[in-house]
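Each chain, letter by letter, is given below.
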Amino acid sequence: DGKGEIVVKTDETLKVKYSTSGEKRIKFTAIDQPGHTLTCYSTIEIAPETNKETSANLKSVITSTTGSVTGRTYNGGTAAIDYEIVYSGSDQILDKPFILVEGFNPFDDFDPKDNWANVYPLYFLSALRNQGYDVIFVNYQNSTDYIQRNAYALEELIKNVNQTKNQYCLQKRENVVIGLSMGGLVARYALCDLENRSENHDTRLYISYDSPQKGANVPLSFQKLVERLDD
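Residues numbered from 1 in each chain as written. Predicted model: local features only at pLDDT ≥ 70, side-chain atom pairs only at ≥ 80, totals over all residues. Heavy atoms only, no water.

*Asks:* Account for the sheet that holds strand β5 (residues 97-101), naming residues and giving values.
*Replies:* The strands that make up a sheet are held in pairs by hydrogen bonds between backbone atoms, and each pair lies either parallel or antiparallel. Overall, mixed pairing links the six strands, which are arranged β3-β4-β6-β5-β7-β8 in an open sheet. Sheet topology places β3 (64-70) and β8 (203-209) at the edges, where each strand pairs with a single neighbour. Each strand of the sheet is rotated relative to its neighbour by a mean of 20 degrees, with strand direction disregarded. Across four bridges, the pairing between β5 and strand β7 (residues 175-180) is parallel. Of the residues in β7, the one forming a bridge with Leu100 is Ile178. Strands in contact with helix α5 (residues 182-196) are β5, β6 (134-140), β7 and β8; relative to β7, the strand with the most contacts, it is inclined by about 140 degrees. (Pairing = 2+ DSSP bridges. Helix = DSSP H or I, 4+ residues; strand = E, 2+ residues; numbered from the N terminus. Axes fitted to C-alpha atoms, helices over the stretch in contact; angles between N-to-C directions. Contact = heavy atoms within 4.5 Å.)

*Asks:* Before we move on, can you summarise α5 with the specific residues and values?
*Replies:* End to end, α5 covers 21 Å across 15 residues, agreeing with the expected 21 Å (1.5 Å per residue, within 8%). Looking only at α5, the buried set comprises Met182, Gly183, Gly184, Leu185, Val186, Ala187, Ala190, Leu191, Asp193 and Leu194. Two residues or fewer past α5, Ser198 is found with a positive phi of approximately 60 degrees. (Expected span 1.5 Å × (residues − 1). Buried < 20%, exposed > 50% of the residue type's maximum accessible area, 1.4 Å probe, protein only.)

*Asks:* Give a detailed account of the environment of Arg197, specifying residues and quantitative values.
*Replies:* Take Arg197: it is sitting in the loop between α5 and β8. Within the local environment of Arg197, its side chain forms a polar contact with the side chain of Glu199, the two groups lying 3.1 Å apart. (Polar contact = N/O pair within 3.5 Å; in protein donor to acceptor, adjacent residues only side chain to side chain.)

*Asks:* Give a description of the environment of Asp82 that names residues and reports values.
*Replies:* Assignment of secondary structure puts Asp82 in strand β4 (residues 80-86). The exposure class assigned to Asp82 is partly exposed, which follows from its relative accessible area of 26%. Each C-alpha atom, one on Asp82 and one on Leu154, is 9.6 Å from the other, the two residues being 72 residues apart in sequence. Once residues lying within four places of it in the same chain are set aside, the contact partners of Asp82 are Gly67, Ser68, Phe137, Val138, Asn139 and Gln141. At 2.9 Å, the side chain of Asp82 forms a polar contact with the side chain of Gln141.

Below, the structure is given as structure tokens:
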């Protein structure tokens, strides 16, 4: 912030305010009791105030399309997902998809426009739109269903997105798919299954965010509590 080095003790909180936006480089120097030093560097991005959207005006500035798709049968049943496409501009043309797959949500209280402020970082989603991404929110109609069933429904959405995208795009843009928590498992399974079936998912980047790729450690007490809820 232009103030030079500041001494910060262990567990001390330091508040910093920048007068300008953009990328900032931070230098850390740690000094132990014998006097040994270790220096490292990091960067952070400071968002300009003019680019920050508030939940109050967000609904009035975005244009979206909603729909639902159903996947193929798995273990005797099918699953469906709802989606909402939040376009980067007012043209309502899907040409640069960013598919965001939600996590475990047994209450089915998903509302993309409201969740911009309540769940997802405003600047993150605003930055995506500023870069031309059309954000596609994915909501399971039943998040407690088999991961495979929801993954098959996601596959249908990806194929629909690719068909729509290739119809309008003059410049081909591959998809970015991010899965939050359980959504990371659903998205990973969907992309792998498409590859195994020799179907083109046209995805350049898969992001797993806080997903239990090696399984979740759920205490037995919580498992028993869920069992008792059905009694």
